[in-house]
Amino acid sequence: MNMKLSQMMIALFMTIALLIGLEIVTATILPLFGWHEYRLIFHVLFIIFLAIRLDTPLVPWLVLILQVIHSAFSVEGWAIGTFAGIIILLSANYLKEILHLTTAFMTMITVQLFQVIWFVTVTCIICLKISDFSKFGMVLWSFVPGSFVLSFISPLLFWSLERIWRESSESTRGVGI
Amino acid sequence: MKLINESSKTKIVNNFIVGILAIYGISQKSFQLDDPTLFEKIVTEVISPVQEGIVASKQSITSLWDNYLLIVNTSKENEILHKQISRLERDISSMEEIRKENLRLKKLLNYSDELTHHKVLAQVVGWDSANEFKVIRVNKGTRHGIRVMSSVITDQGLVGYVYRVTPNYADVLTILDQNNRVDVLVERTRTHGIVEGLFNFKCALKYVMRNEPVEVGDKLLTAGVGGIYPKGIKVGMVKDIARENFGMTLNIEVVPSVEFDKLEEVLVLVTQDEEEVSN
């Protein structure tokens, strides 16, 4: 099945709306209830979904768009996440033959793997930017607890995103657009 | 035989272009100061009222839950009476909240009288959604005279400085953030040091020589060096000192004087020049 551009725009719009909703949960609702440490970085799941499930040359641009939206909620900005997203895309491209997200458990494991790639990339860039690798362990550790929670809820989010992007969950690599 | 088809070529080109853009963006990125793009300003201005609304409605929902939903199981014959009691309790609860808020704001304003800057009272409407940055968003911006690098305080002490600002909202880089470095003085010994953010609402005091007589419980104040923070604002208290057998400086852990997990309102200090610019 090939997706038309208009369908893709609708799917992208819905994805952005969902991302904004989840960013508000992380940035406002959870802190209101005392959840300040180990935030849930939902946009990572969106990027991993795009990398694994969509088979289109436009994915890098979609990653860029989602990161620009994310930058409204974080001083991290769009660039670091976009670069990490490209690394995820390249990794997914090489691993596509062995990725079979047919069960929730496999989805969690795969998402955890890609989160590690993401967080190591982002942490390295941040440490390079602040010229201080002594905090590498601390920055990386701050990601770990939240990443387990994200992996745990990833099957549900992927299911929602698959409905939005109209893909079959039987398909491992997704379809062309 | 073609090794790479057209789709793969497009993918490679797109990855390359976006990757180059990202590297350029990273090279331009500063974690100490930011000038938001027009798009970022628009997105922030559109989304932040939602965050503000959520914060404002939390108190109402809590009050509703406490005063109404928990008593829905009362017996029918006392229903009218209970409703009256409930309404009165809700009124009292609201008044109590207002009283507490008044006390808090009074305290804040009394504290700020000691400072010569113009003060802008702002409410915290959100936190940074990334783990590695400790940034809060407040509901006042350039329209209220706030500019980048304005100091942010509470009656408890120093919160941080304004990192980026839009017409109605501002992001504040707190002292918990690893990119925020505050020049401080140990109140008792007048020893200089730099406070940097760690994790779990703690900070580190750096560059204090081993022979300095710093003790657990010593209070830290801003040194007024660097042109961002006024001198004499409370920053935190020394919690732990690790004296290693090596190195020239001490490893000092600091507890911030501000309770960041209970932060609701802050004061942004605006200098006269900033005010004139805004007018």
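Calculation rules
- Throughout this description, residue numbers start from 1 for each chain and increase along the sequence as written.
- The lettering of chains begins at A and the numbering of ligands begins at 1, in the order of writing.
- Given that the model is predicted, a residue must reach a pLDDT of at least 70 before its local features are reported, and side-chain atom pairs must reach 80 or more before they are shown or counted; all residues, however, enter totals for whole chains, interfaces and linings.
- Helix and strand definitions follow DSSP, with helices as H or I runs of at least four residues and strands as E runs of at least two, each counted in order from the N terminus.
- The exposure label follows from counting other C-beta atoms within 10 Å of a residue's C-beta, where the C-beta atoms are placed from the backbone and the thresholds are 20 or more for buried and 12 or fewer for exposed, leaving partly exposed in between.
- Two residues form a contact once the distance between their C-beta atoms, set from the backbone, is within 7 Å.
- Lys, Arg, Asp and Glu make up the charged group, whereas Ala, Val, Leu, Ile, Met, Phe, Trp, Tyr, Cys and Pro make up the nonpolar group; the residues left over, Gly among them, are polar.
- Angular values range over 0 to 180 degrees, each being the angle between N-to-C directions of two axes fitted as lines to C-alpha atoms, with helices fitted over their stretch in contact.
- Oblique is the label for any angle not under 35 degrees, not over 145, and not in the 65 to 115 range, which are roughly parallel, roughly antiparallel and roughly perpendicular in turn.
- Each crossing is labelled by how the near helix is turned from the far one, with a counterclockwise turn of less than a right angle marking it left-handed and a clockwise turn marking it right-handed.
- Within a predicted model, pLDDT stands for the predictor's per-residue confidence, ranging from 0 to 100.
- Multiply 1.5 Å by the residue count of a helix minus one, and that product is the helix's expected span.
- Domain start and stop positions are those given by an automatic or database domain assignment.
- DSSP calls a pair of strands paired once it identifies at least 2 bridges connecting them.

### A look at the overall build of chain B
- In terms of helices and strands, chain B carries 4 helices and 12 strands.
- Here chain B holds 279 residues, and the buried ones make up 35% of them.

### Looking at the interface of chain B and chain A
- The interface of chain B with chain A comprises 41 residues on the first partner and 48 residues on the second.
- Among the elements of the structure, helix H1 (6-28), helix H2 (38-67) and strand E1 (118-127) of chain B are those that each provide at least two residues to the side of chain B that touches chain A.
- Here the element with the most residues in the side of chain B that touches chain A is H1 of chain B; it accounts for 11 residues.
- Broken down by class, the residue content of the side of chain B that touches chain A amounts to 18 nonpolar, 14 polar and 9 charged.

### Side note on the packing of helix H3 (residues 59-71) of chain A against helix H4 (residues 79-95) of chain A
Residue and element names in this part refer to chain A.
- For the pair H3 and H4, the least separation of the axes is 9 Å and the interaxial angle reads 150 degrees. The orientation of H3 with respect to H4, classified from their angle, is roughly antiparallel. In this structure, H3 meets H4 at a crossing whose hand is right-handed. Residue-level inspection shows Val 59, Pro 60, Val 63, Leu 64, Gln 67 and His 70 of H3 in contact with H4, the latter providing Gly 81, Thr 82, Gly 85, Ile 86 and Leu 89.
- Its residues assigned to classes, the contact of H3 with H4 comprises 6 nonpolar, 5 polar and no charged.

### Structural notes on the packing of helix H1 (residues 5-32) of chain A against H3 of chain A
Residue and element names in this part refer to chain A.
- Packing of H1 against H3 brings their axes to within 10 Å, and their N-to-C directions diverge by 35 degrees. Pair H1 / H3 crosses with right-handed handedness. For the pair H1 and H3, contact is made by Leu 12, Ile 16, Leu 19, Ile 20 and Glu 23 and by Leu 62, Ile 65, Leu 66, Ile 69 and His 70, respectively.
- Considering only residue class, the contact of H1 with H3 consists of 8 nonpolar, 1 polar and 1 charged.

### What to know about the confidence of the model for chain A
- Confidence in the prediction for chain A averages 84 pLDDT; 92% of positions are at 70 or higher.
- Contacts from residues 168-177 of chain A, a stretch scored under 50 in pLDDT, to residues over four places away or in other chains number 22 contacts.

### What to know about helix H6 (residues 136-164) of chain A
Residue and element names in this part refer to chain A.
- Here H6 spans only 37 Å end to end across 29 residues, well under the 42 Å set by a 1.5 Å rise per residue.
- When H6 is considered as a whole, its buried residues turn out to be Val 139, Ser 142, Phe 143, Gly 146, Ser 147, Leu 150, Ser 151, Ser 154, Phe 158 and Leu 161.
- Immediately beyond the C-terminal end of H6, within one or two residues, lies Arg 166, with a positive phi of roughly 55 degrees.

### Digging into the domain arrangement of chain B
All names here are of chain B.
- Domain boundaries in chain B define domain 1 (38-174 + 267-278) and domain 2 (181-262).
- Contacts between domain 1 and domain 2 engage 14 residues on the former and 13 residues on the latter.
- Looking at the side of domain 1 that touches domain 2, the elements with two or more residues in it are strand E3 (151-153) and strand E4 (158-165).
- Per element, the largest residue contribution to the side of domain 1 that touches domain 2 is 3 residues, and it comes from E4.
- When grouped by side-chain class, the residues that make up the side of domain 1 that touches domain 2 number 7 nonpolar, 6 polar and 1 charged.

### Overview of the sheet that holds strand E11 (residues 251-256) of chain B
Residue and element names in this part refer to chain B.
- What the 6 strands build is a closed barrel, ordered E6-E7-E8-E11-E10-E9; its pairing is antiparallel. The average undirected angle you get between the axes of adjacent strands in this sheet is 40 degrees.
- Relative to strand E9 (residues 219-222), strand E6 (residues 181-186) runs antiparallel, the two being bridged by 3 bridges. Paired with Val 184 across the bridge in E9 is Thr 222.

### Describing the environment of Thr 102 of chain A
- Among the secondary structure elements, Thr 102 of chain A is positioned in the loop between H4 and helix H5 (104-130).
- Between the alpha carbons of Thr 102 of chain A and Val 139 of chain A there is a distance of 33 Å; along the sequence they are 37 residues apart.

### With respect to unusual backbone geometry
All names here are of chain B.
- Phi angles above zero are rare outside glycine, and Arg 190 is one such case at about 60 degrees.
- Take Arg 190: it is sitting in the loop between E6 and strand E7 (192-197).
- Phi angles above zero are rare outside glycine, and Tyr 207 is one such case at about 60 degrees.
- Structurally, Tyr 207 is set in the loop between strand E8 (203-206) and E9.
- Overall, the presence of 15 C-beta atoms within 10 Å leaves Tyr 207 in the partly exposed class.

### Structural notes on the confidence of the model for chain B
All names here are of chain B.
- Looking at chain B as a whole, its pLDDT mean stands at 81, while 85% of the residues score no less than 70.
- Ranking the helices and strands of chain B by mean pLDDT puts strand E5 (residues 170-174) first, with 92, and helix H4 (residues 272-278) last, with 52.
- Here the predicted complex carries an ipTM of 0.83, next to a pTM of 0.77.

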